[in-house]
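Observations on the model geometry
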Amino acid sequence: MPNIRHLTDQEINQIAAGEVIERPASVLKELVENAIDAGASHIDIEIKGAGRSLIDITDDGHGIAKDQLVSALSRHATSKLSKYDLIDIATLGFRGEGLASITAVADINIASLAKDSQDGAWCLQVKAGQALQKLSPEPDHQPQGTRIQVKNLFENVPARRKFLKTDRTENTACVDIIRRVALAFPHISFTAQIDDKKIDYPKVLDGEPGRLDRLARIMGAEFGRSVLTIHAEREDVKLSAYVSPPTVHRGNGALQFFFVNGRPLRDKMLVSAIRAAYMDVLTKDRHALVALYLTMPNEDVDVNVHPTKAEVRFSKPQLIRGLIISSLRAAFAKGADGISPISVSAVEANLKNSSTSYPSAFQSAYTGQSIPSRSSYTQRYNYSGVSESSQAPLMDLAPQARAYMPTTEPITVEQSEHKQDVEAEYFPLGAAKAQLLENYIIAQTQEGVVIVDQHAAHERIVYEKLKAQYSEAGISAQKILIPVIVTLLEEECDQLISYQESLAKAGLDIERFGPDAIAVNATPALLGTPDVDKLIRKLVETSGDWQPDEALEKIITYALATMACHGSVRSGRRLGVNDMNALLRDMEVTPNASQCNHGRPTYVKLSLSDIEKLFERR
Ligand code: ADP
Ligand code: MG
């Protein structure tokens, strides 16, 4: 029989440290959190050897008194949990195991001058795993605050050390920690030297302007210029979100930050809510830039479910998810009002560089997004600026397909009550004045001029309507009195018929008509009286890229997207003023109206001041 024995303190500490201290960034996180809890206004960080040799943090907080130094390093010793109350936690730390865990796996040097100290500063030096009982502080020199140096991390736990990643990866993790706390606490200034990388986040103003300043510093100037600010509230959950418009994105999610009651964290539910919010306007492989700040009563969020507090448990996850998705989507949809998909600088750049016919902001809207095959489209409509990248299959429209994941909340686009009464110019997209080149509607608004790509705009409108119909009562199809027979190659017929069921759900009723023909019995009513022959040929062309084993829903959205594109007011069609105004009004109430199904902007807004800038009047 094996004997049961009690673990030694040292063993207990090392086991517990395994949970809290996984890598250098975890040390950094614990130390920075302590500095913040101590009321620091400036925090200085130095990291050497990717944190293996040194993690050195100095703060100007309230410090630690001489007689508290040993306790600070002891396990389950904290000054932050005053009552028997694990619910109402206002500090970042509370478990009293940060410093103890670090001491178990690294050498630590802690020096502090406590506020109002009568006997100066004191320090303690502890070797990894050393027992604390016999330690006593020694006098030190140190301005008010605390400096903690952590050296030789994991030297006594070779197994851990082996699991560390490359210096670069470990340093990136450290930078990420600093960014997160810097976004959570803009009133604190940070300086850091992480091997070769320097970081400087100066103090900013209080309130939203300061937050936006800090955001721009961390997320970049482009984000700063284009950020959508959202404030929303549901029950007692408040959301402040600062997010990129769908035209600004990155290849990874590193610039997505979440804060709950001021606490930075990364939570799967929140990440997935963001994904869902952008689903319809961003391809899957791109990531929005996001900082979400949620506040809710402390009893609605349990921060004590994870040793490093990286995860939390919400008591109302669905409410929070819904709040995020609907308010972000409303903000994108409101594009007609706020988001200008293109700025004057892009127009200027374009004027200077007339060899491209596409303003640079349009191209940036493309970055990383797959571009539908428009070789014919390109030539016909002369979108020459993007022709070189037009080889991708049309069915890269797939992001739209994801609209069908069952997350959708109804989207409400706010409309002013007296909309009918005001002149067209008071509408966000203004009053149509002219149609140019048979595709561009020029409208005058209160603030300037709007140029609309009528085909792109109509495509979005039709697509959104089809989707709405589909998710409500199903697409209403319109029977064709005498079925239209479309002759195709035999294998084309096979291909299309294999999607018969999906197409029927998308409002297109087809059946085989002999070996090399398809009979079309009904088309989606929304398309009016489409050119059936062309529509079918388009579907044959695009369905070649569909994956037959893909979910029905997905295929349906592909089909809807193709039909929307085909069924839209093509460029080249002349529109009267009433038609144009109707299109503008339609756009204003259509979700995601500022991009077409392919993610291209549907309109450009030039404010009077933009125009004046172009003519150098400003
Ligand atoms: P916790 O943060 O959960 O309380 P720690 O082990 O991280 O546990 O810290 C233990 C205690 O040491 C804290 O409660 C605090 O009183 C003190 N302490 C740690 N770091 C600092 C610091 N930088 N400034 C002032 N006090 C600190
Ligand atoms: Mg702590």
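Description of the structure in this document. These numbers were taken from a predicted model, which means no experiment stands behind them. (Residues numbered from 1 in each chain as written. Chains lettered and ligands numbered in written order. Predicted model: local features only at pLDDT ≥ 70, side-chain atom pairs only at ≥ 80, totals over all residues. Heavy atoms only, no water.)

Topic: the overall build of the protein chain
Within the protein chain, the secondary structure is distributed over 20 helices and 24 strands. Looking at the protein chain as a whole, 52% of its 618 residues qualify as buried. Put simply, of all contacts in the protein chain between residues at least 6 apart along the chain, 68% involve residues at least 24 apart. Counting every atom, the protein chain has about 29,000 Å² of accessible surface; 51% of that belongs to carbon and sulfur. (Helix = DSSP H or I, 4+ residues; strand = E, 2+ residues; numbered from the N terminus. Buried < 20%, exposed > 50% of the residue type's maximum accessible area, 1.4 Å probe, protein only. Contact = heavy atoms within 4.5 Å. Areas by Shrake-Rupley, 256 points an atom, 1.4 Å probe, with all protein chains shown as cover.)

Brief notes about the site of ligand 1
Not every one of the 20 residues close to ligand 1 is listed here, only the nearest: Asn34, Thr78, Ser79, Lys80 and Gly96. At a separation of 2.9 Å, a nitrogen atom of ligand 1 approaches a polar side-chain atom of Asp59. A distance of 2.7 Å separates an oxygen atom of ligand 1 from a polar backbone atom of Gly96. In the complex, the protein chains occlude 94% of the 530 Å² of accessible area that ligand 1 would expose alone. Those elements that place two or more of their residues in the shell around ligand 1 are helix 2 (24-37) and helix 4 (98-105). Of the residues assigned to the shell around ligand 1, the class counts are seven nonpolar, nine polar and four charged. (Near = heavy atom within 4 Å. Polar contact = N/O pair within 3.5 Å; in protein donor to acceptor, adjacent residues only side chain to side chain. Nonpolar A, V, L, I, M, F, W, Y, C, P; charged D, E, K, R; others polar.)

Considerations on the nonpolar core
Ranked by size, the top nonpolar core spans 67 residues in total, and within it Leu28, Leu31, Val32, Ile43, Ile45, Ile102 and Val150 carry the most contacts. When residues in this core are grouped by element, the largest group, nine residues, is from helix 6 (residues 167-184). Counting contributing residues per domain, this core is built from domain 1 (9-201) and domain 2 (208-332), each supplying no fewer than three. Those residues in contact with Leu28 that lie beyond four places of it in its chain are Ile45, Ile47, Ile55, Ile57, Cys174, Ile177 and Ile178. In this structure, Ala273, Tyr278, Val301 and Ala331 belong to the second largest nonpolar core, which totals 37 residues. (Core = buried A, V, L, I, M, F, W, Y, C linked by side-chain atoms within 4.5 Å. Domains from an automatic or database assignment.)

Details of a nonpolar patch on the surface
Taken together, the side chains of Leu7, Ile12 and Ile15 make up a nonpolar region of the molecular surface, amounting to roughly 260 Å² of accessible area. The topology assignment puts Ile15 in helix 1 (residues 9-20). (Patch = residues over 30% accessible without salt bridge, like charges linked within 9 Å, V, L, I, M, F, W, Y side chains within 5 Å. Salt bridge = Lys/Arg side-chain N within 4 Å of Asp/Glu carboxyl O.)

Overview of the sheet that holds strand 21 (residues 477-487)
Hydrogen bonds along the backbone pair up the strands of a sheet, which may run parallel or antiparallel. Overall, antiparallel pairing links the three strands, which are arranged 21-23-22 in an open sheet. Where the open sheet ends on each side, the last strands, each with one partner, are strand 21 and strand 22 (509-512). When strand polarity is set aside, the average angle formed by the axes of neighbouring strands in this sheet is 15°. As defined by bridge partners, strand 22 adjoins strand 23 (residues 517-524) across four bridges and the pair is classed as antiparallel. Of the residues in strand 23, the one forming a bridge with Ile510 is Val520. Packing against the sheet, helix 17 (residues 532-543) makes contact with strand 21, strand 22 and strand 23, and its axis sits at approximately 70° to strand 21. (Pairing = 2+ DSSP bridges. Axes fitted to C-alpha atoms, helices over the stretch in contact; angles between N-to-C directions.)

Describing the packing of aromatic side chains
The final tally for this structure, using the stated rule, is five aromatic pairs. Aromatic side chains Tyr242 and Tyr293 sit 5.8 Å apart centroid to centroid with 80° between the ring planes, which places their arrangement in the edge-to-face category. Of this pair, Tyr242 sits in strand 10 (residues 237-243) while Tyr293 sits in strand 15 (residues 290-295), placing them 51 residues apart in sequence. The two residues Tyr242 and Tyr293 agree in class, both being buried. (Phe/Tyr/Trp six-rings, centres within 6.5 Å; stacked < 30°, edge-to-face > 60°.)

Observations regarding the packing of helix 9 (residues 268-278) against helix 10 (residues 317-333)
Between helix 9 and helix 10, the shortest axis-to-axis distance is 9 Å and the interhelical angle comes to 30°. It follows that helix 9 is roughly parallel to helix 10 by the angle criterion. The interaxial crossing formed by helix 9 with helix 10 has right-handed handedness. Along its contact with helix 9, which presents Met269, Leu270, Ser272, Ala273, Ile274, Ala276, Ala277 and Tyr278, the element helix 10 presents Pro317, Ile320, Arg321, Ile324, Ile325, Leu328, Arg329 and Phe332. (Parallel < 35°, antiparallel > 145°, perpendicular 65-115°, else oblique. Left-handed = near helix turned anticlockwise from the far one by under 90°.)

A word on unusual backbone geometry
Here Ala50, not a glycine, exhibits a phi torsion of approximately 55°, which is positive. Looking at where Ala50 falls in the secondary structure, it is placed in the loop between strand 1 (42-48) and strand 2 (54-59). The residue Asn592 is not glycine, and still its phi comes out positive at about 60°.

Examining the sheet that holds strand 15
What the five strands build is an open sheet, ordered 9-10-15-12-13; its pairing is mixed. Where the open sheet ends on each side, the last strands, each with one partner, are strand 9 (228-234) and strand 13 (263-265). Strand-to-strand twist in this sheet, taken as the mean axis angle between neighbours without regard to direction, amounts to 20°. Strand direction decides the pairing type here: strand 9 and strand 10, joined by seven bridges, are antiparallel. Looking at strand 10, one finds that Ala232 is bridged to Leu239.

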